[in-house]
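Report on the structure
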Amino acid sequence: MGPRHDFDREWREHPTPGSPALWVTRAWAPALQPGRVLLDLGCGTGRHSLAWAKAGGIAHAIDASAAALAAVAAACGALPVHTRRLDLDQSHHRLPRADVVIAARILYLLEAPLQLVDRALHAVRPGGMLLLGDQTTLLDEVQQHLGGRASWQRASASHLLVRPLVDALPDATPSHRAYCATESS
Ligand SMILES: C[S@@+](CC[C@H](N)C(=O)[O-])C[C@H]1O[C@@H](n2cnc3c(N)ncnc32)[C@H](O)[C@@H]1O
């Protein structure tokens, strides 16, 4: 599957979401509580958004493919999953803030993947996490790019769990900074 893959056609032919990836559900388990928010970047047919919302969370599912979003809407019914059609290579759109942001198998399709990583990092709420699943070499680049702005755990060669450090977050309040200082001491 290359960058020119016709996802619209694929999702029209196969609209049913599969199961969420195990590394994702393991990583987000401590964060998944009723009312918590997931941002699912390049959601495809919404396997992660659907699982999150079924467990009581709220999801924002974003993709460039109209067929993908139609499939998400059909699968999620009345669950709180908000779909939005966006080209994630365009950086002028504001991304919703979320407790967990996930970009699973999307970065390798973008012209400027590191730019999306930066925007995704800023979308993470204090205490939250960014989950990236992608090609090993690309995730190596991401780790280098993040430098001291985040701590990370490489769950496997192709899975990266990122926790932004508090100073990298736009809305970290003084009390949140104090809390983080206590937690890490
Ligand atoms: C390999 S699928 C992954 C789907 C989903 N994340 C998953 O893990 O099942 C990649 C998705 O990224 C979307 N995509 C590709 N380029 C995009 C772009 N520039 N902006 C938004 N979505 C894009 C495609 O439409 C497709 O649904």
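Whatever comes next refers back to the structure up there.
Residues numbered from 1 in each chain as written. Predicted model: local features only at pLDDT ≥ 70, side-chain atom pairs only at ≥ 80, totals over all residues.

**Topic: the overall build of the chain**
Tallying secondary structure elements over the chain gives seven helices and seven strands in all. Listing each helix as α and each strand as β along the chain from the N terminus yields α-α-β-α-β-α-β-β-α-β-α-β-β-α. Across the 185 residues of the chain, 40% fall into the buried class. A separation threshold of at least 6 residues defines the contact pool for the chain, and within that pool the share at least 24 residues apart is 60%. (Helix = DSSP H or I, 4+ residues; strand = E, 2+ residues; numbered from the N terminus. Buried ≥ 20, exposed ≤ 12 C-beta atoms within 10 Å, placed from the backbone. Contact = placed C-beta atoms within 7 Å.)

**Details of the site of the ligand**
Taken together, 18 residues lie near the ligand, and F7, G42, G44, A64 and L88 sit nearest. Of the residues in the shell around the ligand, the class split is ten nonpolar, three polar and five charged. (Near = placed C-beta within 6 Å. Nonpolar A, V, L, I, M, F, W, Y, C, P; charged D, E, K, R; others polar.)

**Quick word on the environment of L130**
Tracing the sequence through the fold places L130 in strand β5 (residues 124–133). Measuring from C-alpha to C-alpha, the distance between L130 and L160 comes to 8.2 Å, with 30 residues separating the pair along the chain. Filtering out sequence-adjacent residues up to four positions away, L130 remains in contact with V101, A120, L121, V124 and V162.

**Quick word on the nonpolar core**
Burial of nonpolar side chains together is a common tendency in soluble globular proteins. One finds V101 and L131 to be the most contacted residues of the largest nonpolar core, which totals 50 residues. Excluding residues that lie within four positions of it along the chain, L131 makes contacts with V24, A27, W28, V100, I102 and L161. (Core = buried A, V, L, I, M, F, W, Y, C linked by C-beta atoms within 7 Å.)

**Comments concerning helix α5 (residues 113–123)**
Among the residues of α5, those classed as buried are P113, L116, V117, A120, L121 and A123. One side of α5 holds all its buried residues, which, seen down the axis, span an arc of 155°. Against β1 (37–41), β4 (98–104), β5, α6 (136–146), β6 (150–156) and β7 (159–164) lie the buried residues of α5. (Arc of directions from axis to C-beta.)

**A short note on the pairing of β1**
Note on strand geometry: in a regular strand, side chains alternate between the two faces of the sheet. Within β1, five of the five residues are buried, which leaves it mostly tucked inside the rest of the structure. Burial along β1 is two-sided: the residues V37, L39 and L41 and L38 and D40 are all buried. Sheet topology note: the β1/strand β2 (residues 58–63) ladder contains five bridges and is parallel. Considered in β2, the bridge of L38 is made with A59. Once the chain exits β1 it traverses helix α3 (residues 47–54) before rejoining the sheet at β2, and the crossover so formed is right-handed. As paired elements, β1 and β4 share four bridges and run parallel to each other. What sits directly across from L38, in β4, is V100. (Pairing = 2+ DSSP bridges. Right-handed = clockwise from strand over helix to strand, strands pointing away.)

**Brief notes about unusual backbone geometry**
It is generally the case that most residues other than glycine have a negative phi and that most peptide bonds are trans. For R105, which is not glycine, the phi torsion reads 60° and is therefore positive. Following the sequence through the fold, R105 ends up in the loop between β4 and α5.

**Focus: helix α4 (residues 66–76)**
Those residues of α4 that fall on the buried side of the exposure criterion are A67, A68, L69, A71, V72 and C76. Check the buried side of α4 and you find it contacts α1 (7–13), α3, β2 and β3 (81–85). At the C-terminal side of α4, G77 shows a positive phi close to 50°.

**Here's the deal with the packing of α5 against α6**
Where α5 contacts α6, the axes come no closer than 11 Å and their chain directions differ by 55°. By the angle between their axes, α5 is oblique relative to α6. The two elements α5 and α6 cross, and the hand of that crossing is right-handed. The residues of α6 that touch α5, namely those facing P113, L114 and V117, are L138, E141, V142 and H145. In the contact of α5 with α6, the residues fall into five nonpolar, one polar and one charged. (Axes fitted to C-alpha atoms, helices over the stretch in contact; angles between N-to-C directions. Parallel < 35°, antiparallel > 145°, perpendicular 65-115°, else oblique. Left-handed = near helix turned anticlockwise from the far one by under 90°.)

**Digging into the environment of W52**
The residue W52 is located in helix α3 in this model. Look at W52 and you get buried, because 31 C-beta atoms sit within 10 Å. Linking W52 and L79, residues 27 residues apart in sequence, is a C-alpha distance of 9.8 Å. Beyond its immediate sequence surroundings of up to four residues, W52 is in contact with L32, L38, G57 and A59.

So yeah, pure geometry; function would need other evidence.
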